[in-house]
Amino acid sequence: MLTIAGDPGLDPRQGFLLHAPDGFLTVPVAAVMWALTLMILAIAVRLSNRSFDERAVPLLGVMAAFIFAAQMFNFQVIGGTSGHLLGGVLAAVLLGPWAATIAMACVVAVQALVFQDGGLVVLGANIFNMGVIGTLGGFWLYRLIAGLLGGEAKGRLPAAGVAAWVSVVAGAVAMAIQLAVSGTTPLEVTLPAMVGVHALIGIGEAVITIAALAFIGATRADLFDMRSSRAQA
Amino acid sequence: MNRPAEDRGASANGPQRRWWLVGLAIAALVVIVLAPLASPDPDGLERVGGDQGFLDRAREALVNILPGYAVPFIDDPVISTIVAGLIGVALVFGAMWLLGRFLARRPSGPQAGPR
């Protein structure tokens, strides 16, 4: 299918458009986000390499595939708006933060490269906002809350739910800031709008994250140990 | 650095060895059952972009492969979405598997040797 490049009259969403396309951010902002994301990915490759268990390879593939699939399901939130899973916290709880970061980068990159969902110039920003914030920041919060609740075994589901919600809202804040710095739209307008919508979408993120973890806990609870045994290293 | 001894028994025996096939089947099922039911409404960013009028800044992709999670030559929108989604699931799984093998196999210290 050929589309007329640059035709502004064209419906920018052909079916689904979920992730920021090129043009939303200026090239310098996008470049900074690319640099930041590449740096984090380099660290992720090094650290997951150090503690990576071969048994976890299939889990890595399955988690990334599941997150890709789940991201295709837009659920309805109020007011003619939808949202979809990001999955960063879910991935990190199972895979550990660094391997999860690589998995999320892979999902978002395939979406951009193959499905034209999200631009290539802004791919670094998209990986950061939808992946890294959840896998690193969200996971840190998850560990913190789980610790307060008496450990991961006890507090896994509530901690993951809260972290999942916060990661979606934090991703929206990051996107709003990048849009504002790019001069696309003023922060005082976009920030409340982005946070408002994503506070609702985050509930969906929390529900799906908790449901997926509860399902794994009921069927293959040993998968949780795969990360903990490696994370101690 | 002391690494706790790992119990390798759980994943070494028969039926559990291919458990990842079950995981993959779940991902495929999500595509087949849920993706066609996805809400067509704009998502969070798109909604805000529409409300605040910056959606038209979106630039077309230079190269379209399977844009919008649809296979261009399949007319039925449901089948088209499902096929595109299954291609994506396979690609992501394959890419991550290869990447994982690469990560897991790289020598990480004196204890890392040929499998």
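Residues numbered from 1 in each chain as written. Chains lettered and ligands numbered in written order. Predicted model: local features only at pLDDT ≥ 70, side-chain atom pairs only at ≥ 80, totals over all residues. Heavy atoms only, no water.

## Section: the packing of aromatic side chains
All told, the structure shown has 8 aromatic pairs over all chains when counted by the stated rule. Seen from their ring centres, A:F24 and B:F54 are 5.1 Å apart, and the 75° between their planes marks the pair as edge-to-face. With one member in each of two chains, A:F24 in the segment before α1 (27-50) and B:F54 in the loop between α3 (44-51) and α4 (77-105) form a pair that bridges those chains. For the pair A:F24 and B:F54, one class covers both residues: buried. Here A:F139 and A:Y142 contribute two aromatic rings whose centre-to-centre distance is 5.7 Å and whose plane-to-plane angle is 35°, an arrangement assigned as tilted. Pair noted here: A:F139 and A:Y142 are both in helix α5 (residues 123-148), with a separation of 3 residues, about one helical turn. Taken individually, A:F139 and A:Y142 each receive the classification buried, so the pair is uniform in this respect. What links up through ring pairs into an aromatic cluster is the set A:F68, A:F115 and B:Y69. Above the face of the A:F224 ring, A:R156 is positioned so that its terminal group lies 3.7 Å from the ring centre. (Phe/Tyr/Trp six-rings, centres within 6.5 Å; stacked < 30°, edge-to-face > 60°. Helix = DSSP H or I, 4+ residues; strand = E, 2+ residues; numbered from the N terminus. Buried < 20%, exposed > 50% of the residue type's maximum accessible area, 1.4 Å probe, protein only. Lys NZ or Arg CZ within 6 Å of the ring centre and 35° of its normal.)

## Topic: the interface of chain B and chain A
Counting residues at the interface gives 65 residues for chain B, matched by 82 residues for chain A. Regarding the contact of chain B and chain A, the summed buried area is about 6600 Å², with carbon and sulfur atoms giving 67% of it. The interface formed by chain B and chain A includes 0 salt bridges. Where chain B packs against chain A, one counts 18 residue pairs in polar contact (both at pLDDT 80 or more). Of all the elements in the fold, those that place two or more residues in the side of chain B that touches chain A are α2 (19-34), α3 and α4 of chain B. Top contributing element to the side of chain B that touches chain A by residue count: α4(B), with 16 residues. Residue composition of the side of chain B that touches chain A, by class: 38 nonpolar, 13 polar and 14 charged. (Contact = heavy atoms within 4.5 Å. Buried area = accessible area lost by both parts, 1.4 Å probe. Salt bridge = Lys/Arg side-chain N within 4 Å of Asp/Glu carboxyl O. Polar contact = N/O pair within 3.5 Å; in protein donor to acceptor, adjacent residues only side chain to side chain. Nonpolar A, V, L, I, M, F, W, Y, C, P; charged D, E, K, R; others polar.)

## Some remarks on unusual backbone geometry
Of note in the backbone geometry, A:Q116 takes a positive phi value of approximately 55° without being a glycine. A residue is classified by how much of its surface remains accessible, and A:Q116, at 15% relative accessible area, is buried. One non-glycine residue with positive phi stands out, namely B:Y69, at about 50°. Relative to the helices and strands, B:Y69 resides in the loop between α3 and α4. In this structure B:Y69 comes out as buried when scored by relative accessible area, which is 1%.

## Overview of the confidence of the model for chain B
Residue and element names in this part refer to chain B. Looking at chain B, the pLDDT average stands at 82 and 76% of residues meet or exceed 70. Least confident of the elements in chain B is helix α1 (residues 9-12), whose mean pLDDT is 44; most confident is α2, at 95. Low pLDDT (under 50) marks residues 1-14, which in the prediction has 19 contacts with non-local residues, meaning those over four places away or in another chain. Confidence drops under a pLDDT of 50 for residues 107-115, and excluding neighbours within four residues, the segment shows 7 contacts in the predicted structure. (pLDDT = per-residue confidence, 0-100.)

## A look at the packing of helix α3 (residues 88-95) of chain A against helix α4 (residues 97-115) of chain A
All names here are of chain A. Their axes nearest at 7 Å, the elements α3 and α4 cross at an angle of 135°. Our classification of the angle between α3 and α4 gives oblique. As for the relative orientation of α3 and α4, their crossing is right-handed in sense. Contacts between α3 and α4 involve G88, A91, A92 and L95 from the former and P97, A99, A100, A103 and M104 from the latter. Its residues assigned to classes, the contact of α3 with α4 comprises 8 nonpolar, 1 polar and no charged. (Axes fitted to C-alpha atoms, helices over the stretch in contact; angles between N-to-C directions. Parallel < 35°, antiparallel > 145°, perpendicular 65-115°, else oblique. Left-handed = near helix turned anticlockwise from the far one by under 90°.)

## Re the packing of α3(A) against helix α7 (residues 187-219) of chain A
Residue and element names in this part refer to chain A. Taken N-terminus to C-terminus, the directions of α3 and α7 make an angle of 25°; their axes are 9 Å apart at the nearest point. When the axis of α3 is compared with that of α7, the two are roughly parallel. Read as a crossing pair, α3 and α7 show a hand that is right-handed. Across the interface between the two elements, G88, V89, L90, V93 and L94 from α3 touch E205, T209, A212, L213 and I216 from α7. Taken together, the residues that form the contact of α3 with α7 break down as 7 nonpolar, 2 polar and 1 charged.

## Looking at the nonpolar core
Membership of the largest hydrophobic core comes to 68 residues, with the highest contact counts inside it found for A:F68, A:L94, A:L95, A:F115 and B:V89. The dominant element in this core, judged by the number of residues it contributes, is helix α2 (residues 57-71) of chain A, at 12 residues. Setting aside anything within four residues of it in sequence, one finds B:V89 in contact with A:A65, A:F68, A:A69, B:L24, B:A27 and B:V31. (Core = buried A, V, L, I, M, F, W, Y, C linked by side-chain atoms within 4.5 Å.)

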